[in-house]
Amino acid sequence: MILKIAWRNIGRNKRRSIIVLGSVVAGVIALIFMDTFMNGMMYQMLFNRVSTNISHIQIHKKGFHNNKVVKDFIPGYQSAESKIKTVKGINSVSKRVIAFGLISSATSSSGVYIYGVNPEEEKSVSIIDESLKDGEYLSGGSREIMLGQKLADKLNVSLGDKVVAMSNQIDGSIGSEVFRVVGIFKTSSSEFERTYIYIPAADAQRMLNVNDKIYEFAVITDNYENVDQIKERLITELPADFEVLTYKDLLPTLIIQMDYYKETVLIVIMIVGLALIFGIINTMLMSVFERINEFGVLMAIGMKNRKIFGMIVTEAFIIGIIGTIVGLVISMVIQWRLASVGLDLSMFSESLNSFGVGAVIYPRLDIENLLLSVISIPVITVIGALYPAYKAVKLEPVYAIRYV
Amino acid sequence: MEIIRTEKLEKIYQDNGVPVKALDDVDLTINTGDYVVIAGPSGSGKTTLLNLIGALDKPTSGKIFFESEDISKKTKKELSEIRLNKLGFIFQAYNLIPVLTAIENIEFSMMLLGVPEKERTERALAIMDELEIKELADKRPNEMSGGQQQRVAVARAIVNNPTIVLADEPTANLDSKTGSNLLDLMEQMNKEKNITFVFSSHDKQVIERAKRLIILKDGRIE
Ligand SMILES: Nc1ncnc2c1ncn2[C@@H]1O[C@H](COP(=O)(O)OP(=O)(O)OP(=O)(O)O)[C@@H](O)[C@H]1O
Ligand SMILES: [Mg+2]
């Protein structure tokens, strides 16, 4: 019966109830949208980095990640490769010859990371072949080079132009090779576009004067969430002078950012919650003041304070629940649309690119965060009703009955 | 049997810091089956006295015995318990719960007492039958006339078989014919069921029908 009264009281001042309901709905939508949007952005940052060059797991000779020197090639990579391929959960492996070097055109030059790859293998761990804006992916022929749009602009080269790549050899002398630009790629990271070039592995080995040596295994697993277990397996399989690094080891700041973001969600919930609480306090107080006389009567006929309190809180709770459900449904529709279409932010794409996100954000639902919002909103409406309910039960019955 | 006895009852209000003596040295006894009218000019303290008898307020000094128990020092919670179990109220402005229908209003006070739903409905229907308001069962207060609302209020007040029913100017908002009908009804309840009624009023009709008349003037019984 308390529930019935609470429900009818909500229907009593429809306009006011709809306003409160609207603010709850808006709060829920804002929370969920912000959350899925940020979550999608974070995920895309990670996904872009991982799928262009980081991969899930990298294997080097110990120390190579921090200091890419030519002498630190992977010793006996053939046997290592067959061991890696026996580990369960590994999907594909690409062998890379990696060096730091200089690339020059007729007009300009720039420091770059040189990726010597086997084109077919590299395709299996990277989306670089899908990121070409102009030209073709490496065909397997020699003296082909792919570079980023930003770097091409800087060097002032286009398809078919010649560039010279240079790098230190083990003995300290300089190796150099001439390449012809066959492909220009564009990625969501301007940093990557400016500093990475792709050439055939054999050309890289010749330039470094390291016959048949490689420097990195880039590994893609079946599920990026399981990399830690696979890392453990690889460490036990491989010699001790190898280093095995997951994308979490390789992108520590991004991972910290993502963790930090979980806390941001809490803060945003608190801010939205605070705004909601004040809205609820305000409207519930109004509705309590309008009913002072009624509360007086309820008290006179012996209704306990506890029940009066409960009735007012129930009113807010009903609104909270309905608002959350409505907000959730609307959010799901928005989410469902945007998850496939994405949110086109090309107008901000310059700054987004420097974050490595890309111009189109695909919101992603994180169930944990969703639950948090869905549970916290009704709780918040209840919190907002506490003070008005307290006000109501503090009324003196005599005063309340006389009140008109 | 004695239901209520007051001893040197005094109530002083603070009106913006100015003390207003609303009741002064009131000694009064009400017995089972009484049909008492408290009369007196406006401001004489009728409502104040009813509120004290009705366990809605506490006296400044003096004692109120309700069934031989001093209630003047009881906590709010205890008073609320007494009101729920022993008292019925009828107000000048009917004061039904606007979002509930007539029958729900009557059931409400039984609900507060924890009467099971089935019994609630049965008892509500029975009392409505008695007061000839059965056809109002599903109407909300704003769909009823003042007289009809006040009948429902009477039903609400007596449905829990209270020890005493207090009615503060129950006819003040009704025309004299409707008021007279309502008084017939309460008189009948008093006779048939031996329900004790205490009214406050300055309505001539009410005063004429009083079995016992208490006249207040400036907070004192004359
Ligand atoms: N809450 C209050 N604060 C201050 N003074 C009050 C309060 N309630 C009543 N009074 C004063 O106490 C006196 C008695 O008031 P009370 O309401 O009991 O009179 P009444 O006989 O019921 O009058 P009426 O016939 O107008 O209803 C009046 O002078 C009134 O102004
Ligand atoms: Mg009065």
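For clarity, every value in this text was computed on a predicted model and none was experimentally measured.

Novice: Lay out the overall build of chain B with the relevant residues and their values.
Specialist: Assigned secondary structure in chain B consists of 7 helices and 10 strands. The C-alpha radius of gyration of chain B comes to 17 Å, within 12% of the 17 Å expected for a compact globule of 222 residues. Projected onto its principal axes, the C-alpha coordinates of chain B cover approximately 50 × 40 × 35 Å. Across the 222 residues in chain B, those meeting the buried criterion constitute 55%. Taking contacts inside chain B between residues at least 6 apart in sequence as the whole, the part at least 24 apart equals 71%.

Novice: Tell me about the environment of G140 of chain A, residues and numbers included.
Specialist: Here G140 of chain A shows up in the loop between β4 (132-135) and β5 (144-148). Among the residues examined, G140 of chain A registers a relative accessible area of 52% and is labelled exposed.

Novice: Run through the site of ligand 1, naming residues and quoting values.
Specialist: Around ligand 1 sit 14 residues, and of these S42, G43, K46, T47 and T48 of chain B come closest. Residues near ligand 1 are shared among chains A and B, making this a multi-chain site. Measuring from an oxygen atom of ligand 1, one finds a side-chain N or O atom of T47 of chain B at 2.7 Å. At 2.5 Å from an oxygen atom of ligand 1 is found a side-chain nitrogen or oxygen belonging to T48 of chain B. For ligand 1, whose free accessible area comes to 620 Å², the fraction covered by protein is 71%. When residues of the shell around ligand 1 are traced back to their parent elements, those giving at least two are β2 (18-31) and α1 (46-53) of chain B. Counted by class, the shell around ligand 1 contains 4 nonpolar, 7 polar and 3 charged residues.

Novice: Hey, could you go over the packing of aromatic side chains for me, with residue numbers and the actual values?
Specialist: Counted according to the given criterion, the structure contains 18 aromatic pairs over all chains. Pairing F197 of chain B with F199 of chain B gives two aromatic rings, centres 5.8 Å apart and planes at 5°, and the pair type is stacked. Classification of F197 of chain B by relative accessible area gives buried; the value is 0%. Each member of the aromatic cluster is reached from another via a ring pair, and the members are F100, Y113, Y115, F185, F192, Y196 and Y198 of chain A. We note K68 of chain A situated over the ring of F64 of chain A; from NZ or CZ to the ring centre the distance is 5.8 Å. Across the ring face of F73 of chain A, the terminal group of K213 of chain A is positioned such that the distance to the ring centre comes to 5.0 Å.

Novice: So what's going on with the side chain of D24 of chain B? Residues and values would help.
Specialist: Residue and element names in this part refer to chain B. Looking at where D24 falls in the secondary structure, it is placed in strand β2. For D24, the side chain forms a polar contact with the side chain of R220, separated by 3.1 Å. Not counting chain neighbours up to four residues away, the residues in contact with D24 comprise L9, E10, G219 and R220.

Novice: Could you give an account of the domain arrangement of chain A, naming the residues involved and the relevant values?
Specialist: Here the domain parsing of chain A yields domain 1 (2-49 + 254-402) and domain 2 (63-239). Placing the centre of domain 1 of chain A and that of domain 2 of chain A at their C-alpha centroids yields a distance of 50 Å.

Novice: Report on helix α4 (residues 117-130) of chain B, specifying residues and quantitative values.
Specialist: Residue and element names in this part refer to chain B. Across its 14 residues, α4 extends 20 Å between first and last C-alpha, which sits within 8% of the 20 Å expected from 1.5 Å per residue. Along α4, the positions that sit buried rather than exposed are R120, A124, I127 and M128. Summarising the axial view, the buried residues of α4 lie within an arc of 100°, below the 170-degree limit, and thus occupy one face. Buried-residue contacts for α4 involve α3 (102-112), α5 (146-158) and α6 (176-193).

Novice: Can you lay out the nonpolar core for me, pointing to particular residues and giving the numbers?
Specialist: Most often, soluble globular proteins keep nonpolar side chains buried together rather than apart. Residues and elements named next belong to chain A. By size, the foremost hydrophobic cluster in this structure holds 66 residues, and its most contacted members are I59, L147, F217 and L234. For this core, the leading source of residues is strand β2 (residues 90-104), giving 6 residues. Here this core spans two domains, and each of domain 1 (2-49 + 254-402) and domain 2 (63-239) adds at least three residues to it. In this structure L234 touches I57, I59, I84, V87, I90 and V244, once residues within four positions along its chain are discounted. Counting 52 residues, the second-largest nonpolar core is a separate cluster that includes I277, L285, V313 and I319.

Novice: A description of the sheet that holds strand β8 (residues 196-200) of chain B should follow, citing residues and the corresponding values.
Specialist: Residues and elements named next belong to chain B. Strand order in the open sheet made by the 6 strands is β6-β7-β8-β3-β9-β10, with mixed pairing throughout. The sheet is open, and its two borders are formed by β6 (87-90) and β10 (220-221), each paired with just one other strand. Relative to β8, strand β7 (residues 164-168) runs parallel, the two being bridged by 5 bridges. Paired with V165 across the bridge in β8 is F197. With respect to the sheet, α1 is in contact with β3 (35-39), β7, β8 and β9 (212-217), its orientation differing from that of β7 by roughly 155°. Of the strands in this sheet, β6 and β7 touch helix α2 (residues 76-86), which is tilted by about 80° from β6.

Novice: Could you give an account of empty space enclosed by the protein, with specific residues and numbers?
Specialist: Considering all chains together, one arrives at 2 cavities of 30 Å³ or more under this definition. Taken as a whole, the largest cavity holds about 80 Å³ of empty space. Together, I301 of chain A together with R83, L84, L87, G88, F89, S109, R156, A157 and N160 of chain B line the largest cavity. Contributing elements (two or more residues each) for the lining of the largest cavity: α2, β6 and α5 of chain B. Here the lining of the largest cavity is built from residues that sort into 5 nonpolar, 3 polar and 2 charged. Reported here for the second largest cavity is a volume of approximately 50 Å³. In this structure, the second largest cavity is lined by I29, I32, F33, T36, S331, I334, Q335 and P363 of chain A. For the lining of the second largest cavity, the elements supplying multiple residues, two or more each, are α2 (14-54) and α12 (305-341) of chain A.

Cut-offs used in this document
- Residues numbered from 1 in each chain as written.
- Chains lettered and ligands numbered in written order.
- Predicted model: local features only at pLDDT ≥ 70, side-chain atom pairs only at ≥ 80, totals over all residues.
- Heavy atoms only, no water.
- Helix = DSSP H or I, 4+ residues; strand = E, 2+ residues; numbered from the N terminus.
- Rg over C-alpha atoms; globule rule 2.2 N^0.38 Å.
- Buried < 20%, exposed > 50% of the residue type's maximum accessible area, 1.4 Å probe, protein only.
- Contact = heavy atoms within 4.5 Å.
- Near = heavy atom within 4 Å.
- Polar contact = N/O pair within 3.5 Å; in protein donor to acceptor, adjacent residues only side chain to side chain.
- Areas by Shrake-Rupley, 256 points an atom, 1.4 Å probe, with all protein chains shown as cover.
- Nonpolar A, V, L, I, M, F, W, Y, C, P; charged D, E, K, R; others polar.
- Phe/Tyr/Trp six-rings, centres within 6.5 Å; stacked < 30°, edge-to-face > 60°.
- Lys NZ or Arg CZ within 6 Å of the ring centre and 35° of its normal.
- Domains from an automatic or database assignment.
- Expected span 1.5 Å × (residues − 1).
- Arc of directions from axis to C-beta.
- Core = buried A, V, L, I, M, F, W, Y, C linked by side-chain atoms within 4.5 Å.
- Pairing = 2+ DSSP bridges.
- Axes fitted to C-alpha atoms, helices over the stretch in contact; angles between N-to-C directions.
- 1 Å grid on protein atoms, 1.4 Å probe; cavity = no way out; pocket = protein on both sides within 12 Å on 5 of 7 lines; lining within 4 Å.
- Points joined across faces, edges and corners; volume = space filled by probe spheres on them.

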